[in-house]
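Chain and residue survey
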Amino acid sequence: MKDESTDAEHRGGAVCSSEEASVMEVERRSCTVRFYGRVNQGDGRNFVSKAKPFSISKQEVYEAYKQVKANKGAAGIDRQTILEFERKLEDNLYKLWNRLSSGSYFPPPVKRVEIPKEGGTRLLGVPTVADRVAQTVVKNRLEPELEKHFHHDSYGYRPGKSAVEAVGVARKRCWSYDWVVDLDISTFFDSIDHELMLRALRCHTDSKWILLYVERWLKAPVQLSDGSLEERNQGTPQGGVISPLLANLFLHYAFDRWMQENYPEVPFERYADDAICHCRTEAEAEEVKEAIEKRFMQCGLKLNPHKTQIVYCKDDRRKEDYHRHKFDFLGFTFRPRKVKGRNGIFIGFNPAVSNKAKKEMNQQIRGWKLHLKSNWSLEDLARVCNPVIRGWFNYYGSYYRSALEDVARQLDLRLGKWAEWKYKRFRGHSGRAIKWVRGVRKRDPKLFAHWQLYPRTAGL
């Protein structure tokens, strides 16, 4: 990273409208503490010896570092891991604080990583460890102010909000509203207009250093796999610490607030760039879909015509025949399902784990290659696999848990395969191996997380 300096004045200017002027500025804190590590009283690093242009405390930088460490994450273009960053922790944090508070911090390029997904690839941007710390400092200052203004039906990447909560609210509204507009924004993170983004940000803060660094992060180039740099004039890297907060702010004005003003009778749930709207009639759904499409075009966004759809919430009460009666939202498929109620079995419109999510879980289970770990004990396997299994079943088992039996069965089949490779007496006898797994499950039902939910997996 080059040790450069620059004029820290923000090019965009001060607050420029009565609406912007009414927004409270982010609270500023200026406590000074020393960083973790040795205390060097001779060089003045642990105390502010002279005024800095921007009021950023060392404590804020250190707290941000602790958050980055807890979240882990891969190395950026400098290939520096968190462990390597810690080897000179005090020096690295001091250098970062000094540059942030003087206005001379320039973000390094973001490392481009391609993640395979259905129908293509998802482009992620991986910042360096130091840059993640810097972004966390800004996020911690900015988030409390923005949270006061965000819509209550925005659930993504917000404290106290979750995807499970969004699915639960959508589930109840599907019972009351007959139609759903399932929205899919094409390449949202790569399409955010920088000027509109900064304009929205100025409505909530006039802090020069926040505006300065956010603009630099938005414009930081991307390093491709061949080492070349690609300049950016729109978008924010999906994978940056500050990106989810900025994305929420952008969609707060592009979608949430616009819906509240123009269609207050149409409830919605939004998790980052995934959103669904609930309508009472097909005509209303068509009107809302068309209006949202025009609104997004004004904001530089585009709906995916192949994935955006209008869905009929069919059940025992709503029996009309429409060709679309299911949609996916946050890993769950909403569709007509058999439900056991007080008066017997009926058809309800409910969510359950999607086939796509089950496929991804099964692929990860196969990727563990448990049969090649014959030198491990069953307890070793449980210790490594249980955190992942528990996460799957806690999330996808929140609604219609019986749909996860296929995944539980796949896990037990893989354990049977492991037993075949582990013990000679089971080689070539998969039935005996599965019977042995069944016996272990009966003796120790708490060993694997899914055994506690499914004491007897169907089909085994």
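Here's what I pulled together on the structure shown here. (Residues numbered from 1 in each chain as written. Predicted model: local features only at pLDDT ≥ 70, side-chain atom pairs only at ≥ 80, totals over all residues. Heavy atoms only, no water.)

Turning our attention to the overall build of the protein. Of regular secondary structure, the protein possesses 16 helices and 11 strands. Across the 460 residues in the protein, those meeting the buried criterion constitute 48%. Taking the intrachain contacts of the protein between residues at least 6 apart in sequence as the baseline, contacts between residues at least 24 apart amount to 69%. When the accessible surface of the protein is split by element, carbon and sulfur atoms take 48% of a total near 23800 Å². (Helix = DSSP H or I, 4+ residues; strand = E, 2+ residues; numbered from the N terminus. Buried < 20%, exposed > 50% of the residue type's maximum accessible area, 1.4 Å probe, protein only. Contact = heavy atoms within 4.5 Å. Areas by Shrake-Rupley, 256 points an atom, 1.4 Å probe, with all protein chains shown as cover.)

The biggest cluster of nonpolar side chains holds 73 residues, and the ones touching the most others in it are Phe188, Val214, Phe255, Met259, Cys277 and Ile292. For this core, the element with the most residues is helix 10 (residues 243-262), which contributes 11 residues. Those residues in contact with Met259 that sit more than four places away from it in its chain are Pro264, Val266, Phe268, Cys277, Val288 and Ile292. One finds Tyr155, Ala352, Leu378 and Ala408 within the second-largest nonpolar core, a separate group that totals 52 residues. (Core = buried A, V, L, I, M, F, W, Y, C linked by side-chain atoms within 4.5 Å.)

The terminal C-alpha atoms of helix 5 (residues 129-147) lie 26 Å apart, and with 19 residues this matches the ideal 27 Å at 1.5 Å per residue to within 8%. Along helix 5, 17 of the 19 residues are buried, which leaves the element largely enclosed by surrounding structure. (Expected span 1.5 Å × (residues − 1).)

All right, on to the sheet that holds strand 4 (residues 222-223) then. Two pairing modes exist for strands in a sheet, parallel and antiparallel, and in both the strands are linked by backbone hydrogen bonds. Ordered in space as 2-1-4-5, the 4 strands form an open sheet in which the pairing is mixed. Across the chains shown, the open sheet's two edge strands, defined by having one partner strand only, are strand 2 (120-126) and strand 5 (229-230). Sheet topology places strand 1 (residues 110-117) next to strand 2; 7 bridges connect them, and they run antiparallel. Pairing of Glu114 across the sheet is with Leu123, part of strand 2. (Pairing = 2+ DSSP bridges.)

With that settled, consider the pairing of strand 10 (residues 332-341). Relative to strand 10, strand 9 (residues 327-329) runs antiparallel, the two being bridged by 3 bridges. In the strand pairing of strand 10, Phe327 is matched with Phe334. Here strand 9 folds back onto strand 10 in antiparallel fashion, the turn holding 2 residues, of which Leu330 has a positive phi close to 55 degrees. The pairing of strand 10 with strand 11 (residues 344-353) spans 10 bridges and is antiparallel. Counted as the bridge partner of Phe334 is Pro351 from strand 11. In this structure, the hairpin formed by strand 10 and strand 11 is closed by a connection of 2 residues.

This part is about the layout of surface pockets. To find the voids left in a structure, one rolls a probe of water-molecule size over its atoms. Of the voids in this model, the second largest pocket is the one considered here, and its volume is about 460 Å³. Lining the second largest pocket are 21 residues, and of these Asn71, Arg132, Gly239, Gly240 and Val241 sit closest to its centre. Those elements that place two or more of their residues in the lining of the second largest pocket are helix 2 (58-71), strand 2, helix 5 and helix 10. (1 Å grid on protein atoms, 1.4 Å probe; cavity = no way out; pocket = protein on both sides within 12 Å on 5 of 7 lines; lining within 4 Å. Points joined across faces, edges and corners; volume = space filled by probe spheres on them.)

With that out of the way, let us pick up the sheet that holds strand 3 (residues 179-184). In space, the 4 strands of this open sheet follow the order 6-7-3-8, with antiparallel pairing throughout. Unpaired on one side and paired on the other, strand 6 (268-271) and strand 8 (309-312) mark the two borders of the sheet. The sheet shows a mean angle of 15 degrees between the axes of neighbouring strands, direction not considered. In terms of strand pairing, strand 3 meets strand 8 through 4 bridges, oriented antiparallel. Directly across from Val181, in strand 8, lies its bridge partner Ile310. (Axes fitted to C-alpha atoms, helices over the stretch in contact; angles between N-to-C directions.)

Located in the positive-phi region is Lys369, a residue other than glycine, with phi close to 50 degrees. When you line up the elements, Lys369 lands in the loop between helix 12 (355-368) and helix 13 (378-396). In this structure, Tyr400 is a non-glycine residue whose phi angle is positive, near 55 degrees. Relative to the elements of secondary structure, Tyr400 occurs in the loop between helix 13 and helix 14 (405-422). On the basis of relative accessible area, Tyr400 is assigned to the partly exposed category, the value being 30%.

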